Amino acid sequence: MDLTASFQRLGLMRLPQAPLFLVAAFALLIIIILSSLSLLEQNQSQRDRIVEAVETQAKLDRIVAALRRMESAQRGYLISGSQSSIALYNETSPVLARNIADVERALPQSTTRSKIWSDLQNAIKSKVAEMDESIRLYNAGDVQAAYAVVRNESGIRYMEEARALVDLLRKGERSRLDEKYAEARLQERIILGVNMAAVLLIIAAGVASSAIVRRANVTMANAQTALKNLNTELEASVSARTAELRVANEEIQKFAYIVSHDLRSPLVNIMGFTSELETLKQTLVARLAALQAPPVNDNPSEPALLSKEDQVIADDFDEALSFIKASIVKMDRLIKAVLMISREGNRVLKPEDIDMNALLDSLSQSIAHQTQKAGAEIKVDPVPMLTSDRLAVEQIFSNLLDNAVKYLSDGRPGLIRVTGRAEGNRLVFEVEDNGRGIEAKDQERVFELFRRAGAQDKPGEGMGLAHVRALVRRLGGVISIKSTSGEGSTFTVTLPRTLGHASKRMSA
Amino acid sequence: MNNAVTIVMVEDDEGHARLIEKNILRAGVTNPVVHFFDGSSAMKYLESNGNEARRMLILLDLNLPDMTGIDILQRLKSNETLKRAPVIVLTTTDDKREIERCYELGCNVYITKPVEYDQFANAIRQLGLFFSVIQIPESP
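Only a predicted model underlies this, so the values are computations on that prediction, with no experimental measurement involved. (Residues numbered from 1 in each chain as written. Chains lettered and ligands numbered in written order. Predicted model: local features only at pLDDT ≥ 70, side-chain atom pairs only at ≥ 80, totals over all residues. Heavy atoms only, no water.)

### Looking at the overall build of chain B
When its secondary structure is counted, chain B shows five helices and five strands. What you see in chain B, going N to C, is helices and strands ordered as β-α-β-α-β-α-β-α-β-α. Residues classed as buried in chain B amount to 49% of the 140 residues present. For chain B, the share of sequence-separated contacts (at least 6 apart) that also reach a separation of at least 24 residues comes to 70%. Of the accessible surface of chain B, which amounts to about 6800 Å², a share of 48% is contributed by carbon and sulfur atoms. (Helix = DSSP H or I, 4+ residues; strand = E, 2+ residues; numbered from the N terminus. Buried < 20%, exposed > 50% of the residue type's maximum accessible area, 1.4 Å probe, protein only. Contact = heavy atoms within 4.5 Å. Areas by Shrake-Rupley, 256 points an atom, 1.4 Å probe, with all protein chains shown as cover.)

And the structure:
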């Protein structure tokens, strides 16, 4: 089942727009928060101004209060002439002035420039003038004149005027206050509205995010289920194949057993009785020789000689026997070789950490005698560590090195170089030689069982490379050859850095 | 070697049997050889001559027609009297597991065919020498 197809089916491809929406929502949220903050600040200053306005009203009241106090003090003084009253009057006068100044500062210019304000100032001035006048008269001793001033309604009139004007001002301030209140309340409503919008936006973003996350989770879960199913299917088919292979493997093992017993048995007879023939032939030859020419002296240990024709027959006999023996030996070796390869396929692999440098060095050492005799040299470059079955690796490289030393070129001293490098989680080893090389048409042949290539002047059954390839495959790797006839060959063995489980299970 | 020892050969292939006989004779071993071509007849003989175990040397091939040599080996070594008889396993297979199994069951020597007859004859002689020198207690 195609993995890409199933992923597409699950709609995993539709997700990209979601982040955009989320970004927009958050941007909007930030804008709202910022504007909300600025609105709050404005509101704050608005509220400050409201407080000011309230204070202004109080200040206005204080003008009237100061005026009234002065009036009471004046009346009190005029009635009783008490010092405390006049003192109070004198104290309060600057207070009045201060209060007026306060209010003047607090009121907007539109008000202080208006007629109301100037009228108020006049009224206050007149009242104060009236009071001052009455006191002056009293102080001068003209008590009746002083009383007359008081009894004169103008004082009261000025007072009333002042009070009325202050009232007006208060009302003016009041209405401004109310305006400001209304503005502030509107602002607050706006702020509330904006914040509500923000809250709604947050909720919407939250809902959207969680919906997106949930959808992603569902998609992920679906993908995982699909993967698990695929895995199970894969496992099942691998198990089935492994079982098939195991059965095939067991049949091969039985085959090998049959080879070792039933093929070997007649071979034993052939070998044995060939030896018997040899012995018999020697006896016959001796007896024939004895018949042809009785011993010169009675020394039985002296071998008698045959006539020339009979010697030829004896030699032919020997030749025939030697061919038979040679074939028997070869057959025995071939049977052993086939047995070995088939047994290799059944061996349980034991992965271990292998110091490849040490292994290659020791292999080179073990064939040092042959190497020296062939006038060759083996160089091993630093190679990485490998985790695999030691026996198999030893057999592979031992074989490759043997071949390299065996198939040199007569024209030049043999130079064999072994290198290794890591490529991801695979290790690539190269055994390079400057020997006789292998022609392109033979490069696949040499890996076949019992097949050889090139000049057949060195001993060998054509076994090694077939075995090597079987071993390399068993370890989960591949072997390839690059070669130019007459120049040399490079065998490249690629192995997984760590022996996996797959190859082990094959033989279980 | 003590001539009282009988060599019991259990081998189904005539050629192999003949070769063995010839060669041990050539090596100077002149003991009588009793030959069986299958497991059951061999077992019948051996079991009926159990008390002669001390004076028998068994040459056993593993690949017999009616039962495996391993079975015979097992029966021999679990028989109170017969287990004293030395057994030389002579067979074509060199399967490591097979060899181990034979030694586990108590065979004395395991030789793979084709046989190096000199060494083989030597082995027989040595075993015979062993017999003549070492006192084997009489069975009760």
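### Notes on the sheet that holds strand β4 (residues 414–423) of chain A
Residue and element names in this part refer to chain A. Pairing is mixed across the open sheet formed by five strands, whose spatial order is β2-β4-β5-β7-β6. In this open sheet, the two edge strands, each paired with only one partner strand, are β2 (376–380) and β6 (478–484). Ignoring which end each strand starts from, the neighbouring axes of this sheet average 15° apart. Note: β2 against β4, five bridges, orientation parallel. From the neighbouring strand, Ala376 faces β4, where its bridge partner is Gly414. Helix-sheet contacts for helix α9 (residues 356–366) involve β2, β4 and β5 (426–433), and the interaxial angle to β2 is about 170°. (Pairing = 2+ DSSP bridges. Axes fitted to C-alpha atoms, helices over the stretch in contact; angles between N-to-C directions.)

### Side note on a nonpolar patch on the surface
Residue and element names in this part refer to chain A. Taken together, the side chains of Ile30, Ile33, Leu34, Leu37 and Leu40 present a nonpolar region at the surface, about 490 Å² in accessible area. Of note, Leu34 is situated in helix α2 (residues 17–80). Taking relative accessible area as the criterion, Leu34 reaches 54% and is therefore assigned exposed. (Patch = residues over 30% accessible without salt bridge, like charges linked within 9 Å, V, L, I, M, F, W, Y side chains within 5 Å. Salt bridge = Lys/Arg side-chain N within 4 Å of Asp/Glu carboxyl O.)

### A look at the packing of aromatic side chains
What the rule picks out here adds up to four aromatic pairs over all chains. When the centroid spacing of 6.3 Å and the interplanar angle of 75° are considered together, the rings of Phe447(A) and Phe491(A) count as edge-to-face. Here Phe447(A) is found in the loop between β5 and α12 (464–474), whereas its partner Phe491(A) is found in strand β7 (residues 488–496), with 44 residues between them in sequence. Comparing Phe447(A) with Phe491(A), the two get one shared label, buried. When the centroid spacing of 5.1 Å and the interplanar angle of 45° are considered together, the rings of Phe36(B) and Tyr45(B) count as tilted. (Phe/Tyr/Trp six-rings, centres within 6.5 Å; stacked < 30°, edge-to-face > 60°.)

### As for the confidence of the model for chain B
Residues and elements named next belong to chain B. Summing up the model confidence of chain B, the mean pLDDT is 82 and the portion of residues at 70 or higher is 89%. Within chain B, helix α5 (residues 117–133) has the poorest average pLDDT of any element, 70, and strand β2 (residues 33–36) the best, 93. For this predicted complex, the interface score ipTM comes out at 0.77, while the overall pTM is 0.49. (pLDDT = per-residue confidence, 0-100.)

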